[in-house]
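Understanding the architecture of this molecule
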Amino acid sequence: MLSFIYYFFLCVEQELLFRELVILFRNANGDIQNATREALMRLNVCSLLICILKFFSSLLVDCS
């Protein structure tokens, strides 16, 4: 379900959620780490990578 919701987020929202999950994963509490690991594994990171590639391609277009 999380990956389905994540897919419809805007690129900025996807990046912010991903960052927050990574920060939570670094928490000393093992329960929080396990829950965050589960959430990260359920995300469709491909959509985030597509957003990043679109960003870099827009930079390349602006430079030329």
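1. Here we look at the packing of helix α2 (residues 11-25) against helix α3 (residues 30-42)
- α3 packs onto α2 with a crossing angle of 150° between their chain directions and a minimal axis gap of 8 Å. Taken together, the axes of α2 and α3 are roughly antiparallel relative to one another. For the crossing formed where α2 meets α3, the hand is left-handed. Along the contact surface, α2 presents F18, L21, L24 and F25, while α3 presents I32, Q33, T36, R37, A39 and L40.
- Considered class by class, the residues forming the contact of α2 with α3 number seven nonpolar, two polar and one charged.

2. Some words on the pattern of salt bridges
- Applying the stated criterion across every chain yields a total of one salt bridge.
- Note that E15 is salt-bridged to R19, the shortest N-O span being 2.5 Å. Here E15 and its partner R19 are both found in helix α2, four residues apart, which amounts to about one turn of the helix.

What counts, and at which threshold
- Residues numbered from 1 in each chain as written.
- Predicted model: local features only at pLDDT ≥ 70, side-chain atom pairs only at ≥ 80, totals over all residues.
- Heavy atoms only, no water.
- Axes fitted to C-alpha atoms, helices over the stretch in contact; angles between N-to-C directions.
- Helix = DSSP H or I, 4+ residues; strand = E, 2+ residues; numbered from the N terminus.
- Parallel < 35°, antiparallel > 145°, perpendicular 65-115°, else oblique.
- Left-handed = near helix turned anticlockwise from the far one by under 90°.
- Contact = heavy atoms within 4.5 Å.
- Nonpolar A, V, L, I, M, F, W, Y, C, P; charged D, E, K, R; others polar.
- Salt bridge = Lys/Arg side-chain N within 4 Å of Asp/Glu carboxyl O.

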